[in-house]
Amino acid sequence: MLVLIASALVNYVFGRTIASSRTRRRAKGLMIASVIFNLALLGYFKYIGFLVENLNHLGLGLPVPQVVLPIGISFYTFQTLSYVVDVYRGDVQVQKSFRDFLLFVSLFPQLIAGPIVRYSEIAPQMSRRNVEMSSIFYGVFRFCSGLGKKVLLANYAGRIATQLLDGDLATATTLGTWLGILMYTFQIYFDFSGYSDMAIGLGRVFGFRYAENFNLPYISKSITEFWRRWHISLSSFFRDYVYIPLGGNRRHRTVNLLVVWVLTGLWHGASWNFALWGLYFFILLLIEKQCLPLLAKIPGILRQLATFFLVVLGWVLFYCTDMTRLVQTLGLLFGVGGAGLTSGQIHITLLNNVPLLLLCAVGSTQLPRFLGMLFTGLCAEDRRKKPRKRILYTCVIYVFDVVVLALSVISLIGSSFNPFLYFRF
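No experiment lies behind these values; they were computed from the predicted model shown.

Quick word on the overall build of the chain
For step 1, the next point in the chain: Each helix and strand counted, the chain has 19 helices and zero strands in total.
For step 2, the next point in the chain: For a compact globule of 425 residues, the expected C-alpha radius of gyration is about 22 Å, and the chain comes in at 23 Å, within 12% of that figure.
For step 3, the next point in the chain: Considered along the principal axes of its C-alpha atoms, the chain spans approximately 75 × 75 × 50 Å.
For step 4, the next point in the chain: Split into buried and exposed, the 425 residues of the chain put 46% on the buried side.

Brief notes about the packing of helix 4 (residues 98-106) against helix 6 (residues 119-127)
For step 1, the next point in the chain: It is the contact of helix 4 with helix 6, at a shortest axis distance of 11 Å, that shows an interaxial angle of 125°. Here helix 4 is positioned oblique relative to helix 6, judged by the angle of their axes. The two elements helix 4 and helix 6 cross, and the hand of that crossing is right-handed. Contact residues: helix 4 offers Asp-100, Leu-103 and Phe-104, while helix 6 offers Tyr-119, Ile-122 and Met-126.
For step 2, the next point in the chain: Residues of the contact of helix 4 with helix 6, tallied by class, amount to five nonpolar, no polar and one charged.

A few points about helix 10 (residues 232-246)
For step 1, the next point in the chain: Compared with the 21 Å implied by 1.5 Å per residue over 15 residues, the 20 Å span of helix 10 between its first and last C-alpha is a close match.
For step 2, the next point in the chain: For helix 10, the principal kink sits at Arg-239 and spans about 35°.
For step 3, the next point in the chain: Within helix 10, the full set of buried residues consists of Ser-233, Leu-234, Ser-236, Phe-237, Phe-238, Asp-240, Tyr-241, Val-242 and Tyr-243.
For step 4, the next point in the chain: Those residues of helix 10 that are buried are in contact with helix 3 (73-89) and helix 11 (253-267).
For step 5, the next point in the chain: Immediately downstream of helix 10, the backbone of Gly-247 shows phi near 135°, a positive value.

Overview of the side chain of Asp-197
For step 1, the next point in the chain: Mapping Asp-197 onto the fold places it in helix 8 (residues 174-205).
For step 2, the next point in the chain: Each residue touching Asp-197, except ones within four places of it in the same chain, is listed here: Arg-142, Phe-143, Gly-146 and Lys-149.

As for the packing of helix 3 against helix 10
For step 1, the next point in the chain: The N-to-C vectors of helix 3 and helix 10 enclose an angle of 45°; their axes lie 12 Å apart at closest approach. If you check the angle between helix 3 and helix 10, you find them oblique. As helix 3 runs across helix 10, the sense of the crossing is left-handed. Within the contact between the two elements, helix 3 uses Phe-78, Leu-81, Ser-82, Val-85, Asp-86 and Arg-89 and helix 10 uses Leu-234, Phe-237, Phe-238, Asp-240, Tyr-241 and Pro-245.
For step 2, the next point in the chain: Looking at side-chain class alone, the contact of helix 3 with helix 10 contains eight nonpolar, one polar and three charged residues.

Some points on helix 11
For step 1, the next point in the chain: Compared with an ideal rise of 1.5 Å per residue, which puts 15 residues at 21 Å, helix 11 spans 21 Å between its outermost C-alpha atoms and is within 8% of the ideal.
For step 2, the next point in the chain: Three or more residues of helix 11 are buried, namely Asn-256, Leu-257, Val-260, Trp-261, Thr-264, Gly-265 and Trp-267. In an axial view of helix 11, the angular spread of the buried residues amounts to 160°, which keeps them on one side of the axis.
For step 3, the next point in the chain: Residues of helix 11 that are buried in the fold lie against helix 2 (24-56), helix 3, helix 9 (223-229), helix 10 and helix 12 (272-290).

Considerations on the pattern of salt bridges
For step 1, the next point in the chain: Scanning all chains against the criterion turns up eight salt bridges.
For step 2, the next point in the chain: Ionic pairing is found between Asp-197 and Arg-142, a salt bridge with its closest N-O pair at 2.9 Å. Here Asp-197, found in helix 8, pairs with Arg-142, found in helix 7 (residues 133-165); they are 55 residues apart in sequence, far enough to count as distant.
For step 3, the next point in the chain: Here Asp-197 falls in the buried class, since its relative accessible area comes to 8%.

Structural notes on the nonpolar core
For step 1, the next point in the chain: With 97 residues, the main nonpolar core has Tyr-184, Tyr-218, Trp-230 and Trp-315 as its most contacted residues.
For step 2, the next point in the chain: Ranked by residue count, the leading element in this core is helix 8, at twelve residues.

What to know about the side chain of Glu-288
For step 1, the next point in the chain: Looking at the element boundaries, Glu-288 is found in helix 12.
For step 2, the next point in the chain: For the buried Glu-288, no salt bridge exists, and the shortest N-O distance to an oppositely charged side chain is 6.7 Å, to Lys-289.
For step 3, the next point in the chain: In terms of polar contacts, Glu-288 uses its side chain to reach the backbone amide nitrogen of Ile-223, at 2.7 Å.
For step 4, the next point in the chain: Discounting residues that sit within four places of it in the chain, Glu-288 has contacts with Ser-222, Ile-223, Thr-224 and Leu-295.

Remarks on the environment of Ile-410
For step 1, the next point in the chain: Mapped onto the fold, Ile-410 is located in helix 19 (residues 389-413).
For step 2, the next point in the chain: Linking Ile-410 and Val-151, residues 259 residues apart in sequence, is a C-alpha distance of 9.8 Å.

Brief notes about a nonpolar patch on the surface
For step 1, the next point in the chain: Judged by side-chain polarity, Leu-258, Trp-272, Leu-276, Leu-279, Ile-283, Ile-287 and Met-323 come together as a nonpolar surface patch covering roughly 590 Å² of accessible area.
For step 2, the next point in the chain: Looking at the element boundaries, Met-323 is found in helix 15 (residues 323-333).

Cut-offs used in this document
- Residues numbered from 1 in each chain as written.
- Predicted model: local features only at pLDDT ≥ 70, side-chain atom pairs only at ≥ 80, totals over all residues.
- Heavy atoms only, no water.
- Helix = DSSP H or I, 4+ residues; strand = E, 2+ residues; numbered from the N terminus.
- Rg over C-alpha atoms; globule rule 2.2 N^0.38 Å.
- Buried < 20%, exposed > 50% of the residue type's maximum accessible area, 1.4 Å probe, protein only.
- Axes fitted to C-alpha atoms, helices over the stretch in contact; angles between N-to-C directions.
- Parallel < 35°, antiparallel > 145°, perpendicular 65-115°, else oblique.
- Left-handed = near helix turned anticlockwise from the far one by under 90°.
- Contact = heavy atoms within 4.5 Å.
- Nonpolar A, V, L, I, M, F, W, Y, C, P; charged D, E, K, R; others polar.
- Expected span 1.5 Å × (residues − 1).
- Bend = angle between axes of the 7 residues up to and from the residue.
- Arc of directions from axis to C-beta.
- Salt bridge = Lys/Arg side-chain N within 4 Å of Asp/Glu carboxyl O.
- Core = buried A, V, L, I, M, F, W, Y, C linked by side-chain atoms within 4.5 Å.
- Lys, Arg positive; Asp, Glu negative; His and termini not counted.
- Polar contact = N/O pair within 3.5 Å; in protein donor to acceptor, adjacent residues only side chain to side chain.
- Patch = residues over 30% accessible without salt bridge, like charges linked within 9 Å, V, L, I, M, F, W, Y side chains within 5 Å.
- Areas by Shrake-Rupley, 256 points an atom, 1.4 Å probe, with all protein chains shown as cover.

Shown next, in the form of structure tokens:
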């Protein structure tokens, strides 16, 4: 909390001094100083241990500092940094009330794992905000939907992923490894998008409207489209505050893309596998841009399957922080090493989890959204003809909320502590 308050206070002062600067040169200097402060704060708490460990590989023998990572620092640091830059650009009016600025920084629904909220989005809502019953109704529904994603899908998928990917790789099988990484693919999506849904829902309960952070990324037909649908607030942040200021598509596009994707990888954690994960997507995007005319001739379903396959491979890089284990896991996926193609135990595990796999697969598509829109549309039509139908519509949503909430609570009571994956990023 002290780190959060200190960060908010310093950036509040930077914003005020930049806005009152008499010369553009002075304002620019203050803006640069604020960027250095924010990156230094994030760098110390998140990367100092990683930096010292790598320096020690050169034989320095420095003691590795054990720094506790403040929860949410990656998210609120980006929020305060974007605020100061926007004030310098003249895109937003400076906030003169520290209380209101602290409110922006510390809004608890999205504080811990996003979405990354920009000041320009939230400022009008802090001064003019209406809390209506319809918003509360929708917010509770959205919160319960996200809770169900996290507890009833992500947690169970995560258990299978951990069981299959964290064991002895010498006894692992190819089918078991594919099942494990597929379960992790669904776990990280439902875990993170579930948190975003919960944050958006809680925000609506209090009268705040947060931007969407996910838009069915696993149905994408290209890597470019995937990153327009996955963690939208992070992608747009790097686009607006790193890629475009570096020159965007106008000059040094390849270098700009490289910088963005290495930073995107390292933002997720202080480990080389995250940098490798970012580099992996950088290479895929470069290849994709060169092959656009050829890709356009491929049927959409094949492009969708190919994109999903490449994304799943990328999650292997994301999951394995140990490089030796990363290489072994990638080898297992293609039949190299381990205990063969499959085993009796893997068959049992697969059969036992077919319902979960189907639920996750269907939940990653447009079908639930389509059914929801169809139901809402039918009820809206019925309500216009028969006002009493409003009761049926409301009762169905309430039953859904209560059932999902009850099942989630029962599941949590019977399970061990399982935090959100993005808490550690």
